[in-house]
Amino acid sequence: MQILEITSLLDECNARRILLLCHHNADPDAICSAFAFSRLLERLRPELRTEIAAAQGPSRLSKFMLKSLPATLIDQPKIEEADAIVLLDTNTVQQLDDWGRQVEASSAPIIVIDHHASHPDTENLATLIVADEKASSTCQIIYNLFKEAGVKLTSIEAKALFLGIAFDTRHFILASSATLKILADLTEAGVKAGEALSSLSLPIVLSERIARLKAGKRVKVLRINNWLLAFSHVSAYQASAARALIALGAHVAIVAGHHGGKIQISMRANREFHEKTGVHLGRDVAKPLGEYLHGMGGGHAVSAGANGTGDLDANLKRCMTLLKETLTQT
Ligand SMILES: [Mn+2]
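Residues numbered from 1 in each chain as written. Predicted model: local features only at pLDDT ≥ 70, side-chain atom pairs only at ≥ 80, totals over all residues.

**Examining the overall build of the protein**
Point 1. The helix and strand inventory of the protein stands at 14 helices and 11 strands.
Point 2. With the C-alpha coordinates aligned to their principal axes, the bounding extent of the protein is approximately 70 × 45 × 35 Å. (Helix = DSSP H or I, 4+ residues; strand = E, 2+ residues; numbered from the N terminus.)

Structure (structure tokens):
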């Protein structure tokens, strides 16, 4: 049993202070797995003192989520004073930024709990690796450790695991049957799905709402065959506005903005558009547009951006031409 390997390792080195570390910009899976695991350790060994820290602090979404979880993170962990170090959801020490070197230099045992394929350097460094590449999330591995230990989940621990799993499975889209069974168990332990999930959606600030609505008001729609391409401009929140135009019904949304003499353009497309036309926004539109703007452009197939200098209207027109050209080539 993996939980026994963990507790016997901690017993062997007479550990008292356990430091739990999450990767930089820690996502909800990293934070929630650390929180739930700290509670499990404290239940199994009440004499242990656990501390949780994330390199560069948690992500914006995690910070928001932490408002509804009683987890406390420390800013400056004393890595050299830890009797044991646990890395969660983190497969290389590079993901710990500046703390990585201190972890490498530490003589304390290092335990890695992760659902990513483990890195050879980490295998050399770790005293014990608890890994399961089939697990949806690190939280799923922590759930299994609770089960192995025979420790009943409290509703708050269940909620943390639920949130980590929800985040890493993109709100259950990627959940396997094993994961869904775990979710059923977490629900029985007291998780209210709707209420829990609300802590994973960032509230939209007023200025962002206004930007989205302005983008809608100013939109120009170009129809090519049965594809609807939406063009608009706002001075801030271009990416959010582009996503909003896709939600309204556009297949492609291009939103430009002027800020401090610079032009910024965000592009989004829906999956169907990319799959049927083969148009890759990053490669076919953002990259050449970046060159045209004397700046930079690039990105993914359905999400890209470019920036540089020039005239807003001229650039939106350039964008239209690039899209038209690419579409007629396909
Ligand atoms: Mn994860």
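Moving on from the coordinates now.
**Some points on helix H6 (residues 138-149)**
Since the α-helix packs 3.6 residues into each turn, any two residues three or four apart lie on the same face.
Point 1. With 12 residues, H6 should cover 16 Å at 1.5 Å per step; its first-to-last C-alpha distance of 17 Å lies within 8% of that length.
Point 2. Listed in full, the buried residues belonging to H6 are Thr138, Cys139, Gln140, Ile141, Ile142, Tyr143, Leu145 and Phe146.
Point 3. Once H6 ends, the next one or two residues include Gly150, with phi positive near 70 degrees. (Expected span 1.5 Å × (residues − 1). Buried ≥ 20, exposed ≤ 12 C-beta atoms within 10 Å, placed from the backbone.)

**Some remarks on the domain arrangement of the protein**
Point 1. You can read the domains of the protein as domain 1 (2-198) and domain 2 (206-329).
Point 2. Relative placement of domain 1 and domain 2: their C-alpha centres are 39 Å apart. (Domains from an automatic or database assignment.)

**Focus: the sheet that holds strand S9 (residues 262-269)**
Point 1. Read from one edge to the other, the open sheet built from 6 strands follows the order S6-S7-S8-S9-S11-S10, with strand pairing classed as mixed. Two strands close off the open sheet at either side, each with one partner strand: strand S6 (220-224) and strand S10 (296-299). On average, each strand axis in the sheet is tilted by 15 degrees relative to the strand beside it, whichever way the strands run.
Point 2. Sheet analysis places S9 next to strand S11 (residues 303-308), joined by 6 bridges and oriented antiparallel. Within the sheet, the bridge partner assigned to Arg268 lies in S11 and is Ser303.
Point 3. Contacts from helix H14 (residues 312-329) reach S6, strand S7 (227-233), strand S8 (252-259) and S9 within the one sheet, and its direction differs from that of S8 by about 155 degrees. (Pairing = 2+ DSSP bridges. Axes fitted to C-alpha atoms, helices over the stretch in contact; angles between N-to-C directions. Contact = placed C-beta atoms within 7 Å.)

**Some thoughts on unusual backbone geometry**
Point 1. Look at Asn25: it is not a glycine, yet its phi comes out positive at around 55 degrees.
Point 2. Tracing the sequence through the fold places Asn25 in the loop between strand S1 (17-22) and helix H2 (28-44).
Point 3. Even without being glycine, His171 reaches a positive phi, approximately 55 degrees.
Point 4. Mapped onto the secondary structure, His171 falls in the loop between helix H7 (155-168) and helix H8 (177-188).

**Quick look at the packing of helix H10 (residues 206-217) against helix H11 (residues 238-248)**
Point 1. Their axes nearest at 9 Å, the elements H10 and H11 cross at an angle of 55 degrees. Of the possible angle classes, the one that applies to H10 and H11 is oblique. Judged by the twist between their axes, the crossing of H10 over H11 is right-handed. Contacts between H10 and H11 involve Glu208, Ala211, Arg212, Ala215 and Gly216 from the first element and Ser240, Ala241, Ala244, Leu245 and Leu248 from the second. (Parallel < 35°, antiparallel > 145°, perpendicular 65-115°, else oblique. Left-handed = near helix turned anticlockwise from the far one by under 90°.)

**Points about the pairing of S10**
Point 1. On S10, burial follows the alternation: Gly297 and Gly299 on one face are buried, whereas Met296 and Gly298 on the facing-out side are not.
Point 2. One ladder, built from 4 bridges, connects S10 with S11; its direction is antiparallel. Pairing of Gly298 across the sheet is with Gly305, part of S11.

**Some points on the sheet that holds strand S5 (residues 128-131)**
Point 1. Taken in spatial order, the 5 strands of this open sheet run S2-S1-S3-S4-S5, and their pairing is parallel. In this open sheet, the two strands that pair with only one neighbour each are strand S2 (49-54) and S5. Averaged over neighbouring strand pairs, the angle between their axes works out to 15 degrees when direction is ignored.
Point 2. Inspection of the sheet shows strand S3 (residues 84-88) paired to strand S4 (residues 110-114) by 4 bridges, in the parallel sense. Looking across to S4, one finds that Leu88 is bridged to Ile113.
Point 3. Of the strands in this sheet, S3, S4 and S5 are in contact with helix H1 (residues 2-12), which crosses S5 at around 155 degrees.
Point 4. Across the sheet, H2 is in contact with S1, S2, S3 and S4; its angle to S2 comes to roughly 175 degrees.

**As for the pairing of S2**
Point 1. As defined by bridge partners, S1 adjoins S2 across 6 bridges and the pair is classed as parallel. Paired with Ile18 across the bridge in S2 is Thr50.
Point 2. The handedness of the S1 to S2 crossover, carried by H2, is right-handed. (Right-handed = clockwise from strand over helix to strand, strands pointing away.)

**Comments concerning the environment of Asn315**
Point 1. Here Asn315 shows up in helix H14.
Point 2. Classification of Asn315 by C-beta neighbours within 10 Å gives buried; the count is 22.
Point 3. Between the C-alpha atoms of Asn315 and Ile263, which are 52 residues apart in sequence, the distance is 8.8 Å.
Point 4. Apart from residues no more than four positions distant in its own chain, Asn315 is found in contact with Ala256, Ile263, Ile265, Leu293 and Gly310.

**Thoughts on the nonpolar core**
Point 1. If you look at the biggest cluster of nonpolar residues, it comprises 63 residues, and the most contacted ones within it are Leu21, Phe37, Val86, Leu161 and Phe162.
Point 2. Ranked by the residues each element gives to this core, the list is headed by H2, at 9 residues.
Point 3. If near-sequence neighbours (up to four positions away) are discounted, Val86 is found in contact with Ile18, Leu20, Leu21, Phe37, Ile111 and Ile113.
Point 4. Counting 35 residues, the second largest nonpolar core, distinct from the first, contains Ala242, Ile254, Val255 and Leu289. (Core = buried A, V, L, I, M, F, W, Y, C linked by C-beta atoms within 7 Å.)

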